[in-house]
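# Notes for the structure review
Read off the chains here:
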Amino acid sequence: MRNADMILRSDNIFTGRDHSCIAGFVALSGNQILAVGAGGGTEYMNEDTVVYELGNQVICPGFVDVHCFFTGWLLTTAGPDLQACTTESSVLSELSSYSAGLRPGDTLLARGLKPDFTGLTREKLDEVFPDHPVILFYENGESCYMNSSAEEVYQFTPETCWSESYWRLLRYLLNKREFSVPGFKNYMNMMNSRGITSVKEMGFDDFYGFTDVLKELEEQDELTLRVHFMSQPVGAPMDLEHGRRMRSHFHSPFLRFSGYNQMTDGSISQLEGEMKEPYLHTDTCCKKDIDWETLKADAIAADAEDFRFSLHAQGDGAIGKTVDIFSLCKKDEKGRLVNRHAITDLECSDPADLERMGQLGIIAEVYPQIMSLADRESKVSMISETIGSARGKNYWNRRKMADSGIVISCGTDLPLLYDDIPESVYHSTGARFPEGGEPFNPENALSPSELLEAWTRGGQYNLGQEEMLGTLEDGKTADIAVLDGDLFHTPLEKIRDISVSMTIVDGRIVYKK
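This is a predicted model, so every value here is computed, not measured. In every chain, residue numbers begin from 1 and rise along the written sequence. Since the coordinates come from a predicted model, pLDDT governs what is reported: local features require at least 70, and pairs of side-chain atoms require 80 or more to be given and counted, while whole-chain, interface and lining totals use all residues. No hydrogens and no water enter the side-chain calculation; it runs on all heavy atoms of the structure.

## Regarding the packing of helix α15 (residues 421-428) against helix α16 (residues 448-462)
Where α15 contacts α16, the axes come no closer than 10 Å and their chain directions differ by 135°. The orientation of α15 with respect to α16, classified from their angle, is oblique. Seen from above, α15 lies across α16 with right-handed handedness. Judged by residue contacts, I421, S424, V425 and S428 of α15 engage P448, L451, L452 and W455 from α16. Three classes are used, and their members are as follows: Ala, Val, Leu, Ile, Met, Phe, Trp, Tyr, Cys and Pro are nonpolar, Asp, Glu, Lys and Arg are charged, and the others, Gly among them, are polar. Per-class residue counts for the contact of α15 with α16 are six nonpolar, two polar and no charged. Simply put, an axis is a line fit to the C-alpha atoms, just over the touching stretch for a helix, and the angle between two N-to-C directions goes from 0 to 180 degrees. Strands are runs of DSSP state E lasting at least 2 residues, helices are runs of H or I lasting at least 4, and numbering of each runs from the N terminus. The labels follow the angle: roughly parallel below 35 degrees, roughly antiparallel above 145, roughly perpendicular from 65 to 115, and oblique for the rest. The crossing is said to be left-handed when, going from far helix to near helix, the turn is anticlockwise and less than a right angle, and right-handed when the turn is clockwise. Residues are treated as being in contact if the distance between any of their heavy atoms lies within 4.5 Å.

Okay, here's the thing in C-alpha cells:
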C-alpha cells in the first residue's frame, strides 16, 4: 500500500460524485488522489504524512472558471489608481509624476477616475502630455479620457470604449513583458486564493503572442492554474490555421488550446439583447446588428475540424438562433453534438430552447454571481419596462437547464465579476439580490450541491478533462479547494462570510489562508 504525502480530514467532503457530503478523509500521494473514504485514513499514513484537521470545512474538487479575461484584469492594474484625486489639477499632477518614469512614446494609462472632470479634454491632454498616448479609464471602466495620440494609435474613442474596441491596447500591454508576466503571476495567485484551479481564458485573435509566455511559465513549473485558452476573433476574422498550430503545440495537462469564442447580442437593458418578440413600446427585437450568417459559417467551419466553439448570447432570440447554429454541427448516432460547443451567459432563455440544448448536448456557461451587480428594484424595473414580467420569469433559469439534462458550468466574465463561490451560492441558490429580501424567480434556482457540481465537475466536462479532474476519486489528479465554513448548513444570510482556506493544484498547496 502506498503512503500518503498529505491527508485532509473533514466532516464535509463534497466529492462531486453525488449531491451529499461525506465525513472522512482525502489522501494525496504526489499529484494524485490516493484514496477518499470514511474514517481518518490512518492506513495510508507514515511518519512523513502531513495531516490537516479541517473540522466542518468543505473539501471540494478545484473550482473552474470557464469564461474569464486575464487581459481585462491586466488593464485594471495598469498605471496609477487615481480614485482619490478630487480635482483636475491633482489628476494632472499625479500623471505628470508618473509619466516621468516612462519612455517617450510609451502609453500613459491610469484608472479609477471620476467621469465628471470636464477639464480633462482631448486638447488639454495633448498639451500636457505631447510625448505619450494617454488613456485614463473611469472608475467604472465603462469609458475614459483620451488624447489625440491615443485615438490615432489605438483607433477607438471614449464613445467606443469597450473591450472588443481596444484590442490594440491589449496587444500593447501583453507585449510589455515586464508588466504582463508579473501581472499573470499575480492573476494566478488571485485566482488560487478563490479556489480556482482551472480557467478557460478568452484571448483576442492570436492572444498577441502571450501563448509563448504561458509556455515559458509551464516549462519553468510556474503555472498554478490549468489554462485552456480560446481565440476570440476581434481584430481579424477567425483563423483556423492559427487554431491548428495552437492545437498541435498546446495539449498538456496545464496548457491547452480550447477552440473559438464569439459574441452575438448585447445587454437586454440597452435593448441590444436579441429577443424573439419585440421589446415593449418598440418595434425592435434587437437594436444591435448581428451578423448571424458569419457566426454560422465560422461555427460550422470550426466544428468540421473538431474545434469547439462557444457563443455568448443573452436574449431568448439570440439563444434560439445559437441553438439553431449548433444543430447544424456534427452529431453522433444519438443525435448529440460530437464537439463540446457551449452557450455563454443565457440571461433570458426560452424553456423550449433549453430542452433543445439538453437534447443536443450543448454546454451552458452561466454567471452565477451576476445578481450581485444589481439591486432588486432597479433590475425588476428594467425587466418590467423592457420585456415585461411574463418573459421576465425566464430570467436566469438554471433550474430548467438542470432538468433538461444540460451540463452547467460557471464563469465570471472576469473582470466583470470576481470568482466567489459562497457569493454564487447566495445568489444562484438563494435567488437573492445583494440586499437580500424577497427572492427573484426562486423556481429557477439550483441547489447548493448542483451549483458546486457546476463549478467543479461541470467545468471540467466543459474543458474535456472530466476523466482526470472535477471529482474527488481514487486515481484522479489532486486539484482541491477547501472552504472555511459549512456551505450546506450555514444560514443564507451568512453564506457570503465563508471564504477559501486552501487550494491545491497538482498535489501542491498553492494557497493557504
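Alright, that's what it looks like, and here's the rest.
## Re the side chain of H341
Assignment of secondary structure puts H341 in the loop between α10 (316-326) and β14 (342-345). In this view, H341 contacts D303, F307, R308, F309, F326, C329, G361, I362 and I363; residues no more than four positions away in its chain are not counted.

## Points about the packing of α10 against helix α11 (residues 351-360)
It is at 10 Å that the axes of α10 and α11 come closest, and there the two elements cross at 25°. For the element pair α10 / α11, the angle class is roughly parallel. The crossing of α10 and α11 is left-handed. Contact residues: α10 offers D316, I319, G320, V323 and D324, while α11 offers D353, R356, M357 and L360. Split by residue class, the contact of α10 with α11 holds four nonpolar, one polar and four charged.

## Here's the deal with unusual backbone geometry
Here L414 and P415 are connected by a cis peptide whose omega angle stands at 20°. Within the fold, P415 resides in the loop between β16 (408-410) and α15. Unusually for a residue other than glycine, F207 sits at a positive phi of about 60°. Positionally, F207 belongs in the loop between β10 (196-204) and α7 (210-219). Here the phi dihedral of N441 falls at roughly 50°; this positive angle occurs in a residue that is not glycine.

## Comments concerning the sheet that holds β14
Strand order in the open sheet made by the eight strands is β6-β10-β11-β12-β13-β14-β15-β16, with parallel pairing throughout. Because the sheet does not close on itself, it has two edges, and the strands there are β6 (63-68) and β16. Shown here is a sheet whose adjacent strand axes are inclined to one another by a mean of 25°, direction ignored. Relative to strand β13 (residues 309-313), strand β12 (residues 255-263) is paired through four bridges, and the arrangement is parallel. A strand pair is defined by DSSP finding two or more bridges across the two strands.

## Details of the environment of E274
When you line up the elements, E274 lands in the loop between β12 and α9 (292-304). Distance from E274 to V91, taken between C-alpha atoms, is 41 Å for residues 183 residues apart in sequence. Separated by 2.6 Å, the side chains of E274 and K321 make a polar contact. A 3.5 Å cut-off defines polar contacts: any pair of N or O atoms within that distance qualifies, except that in protein one atom must be a possible hydrogen donor and the other a possible acceptor, and neighbouring residues in sequence count only when both atoms are side-chain atoms.

## Some words on the layout of surface pockets
One number sums up the size of the second largest pocket: a volume of about 340 Å³. Lining the second largest pocket are 17 residues, and of these F257, S258, D306, R308 and L463 sit closest to its centre. For the lining of the second largest pocket, the element with the most residues is β12, which contributes four residues. Here a cavity is any set of points on a 1 Å grid over the protein atoms alone where a 1.4 Å probe fits but cannot get out, and a pocket is any open set with protein on both sides within 12 Å along at least 5 of 7 lines; a residue lines the site when it has an atom within 4 Å of a point. Grid points are joined across faces, edges and corners, and a volume is the space filled by probe spheres set on the points.

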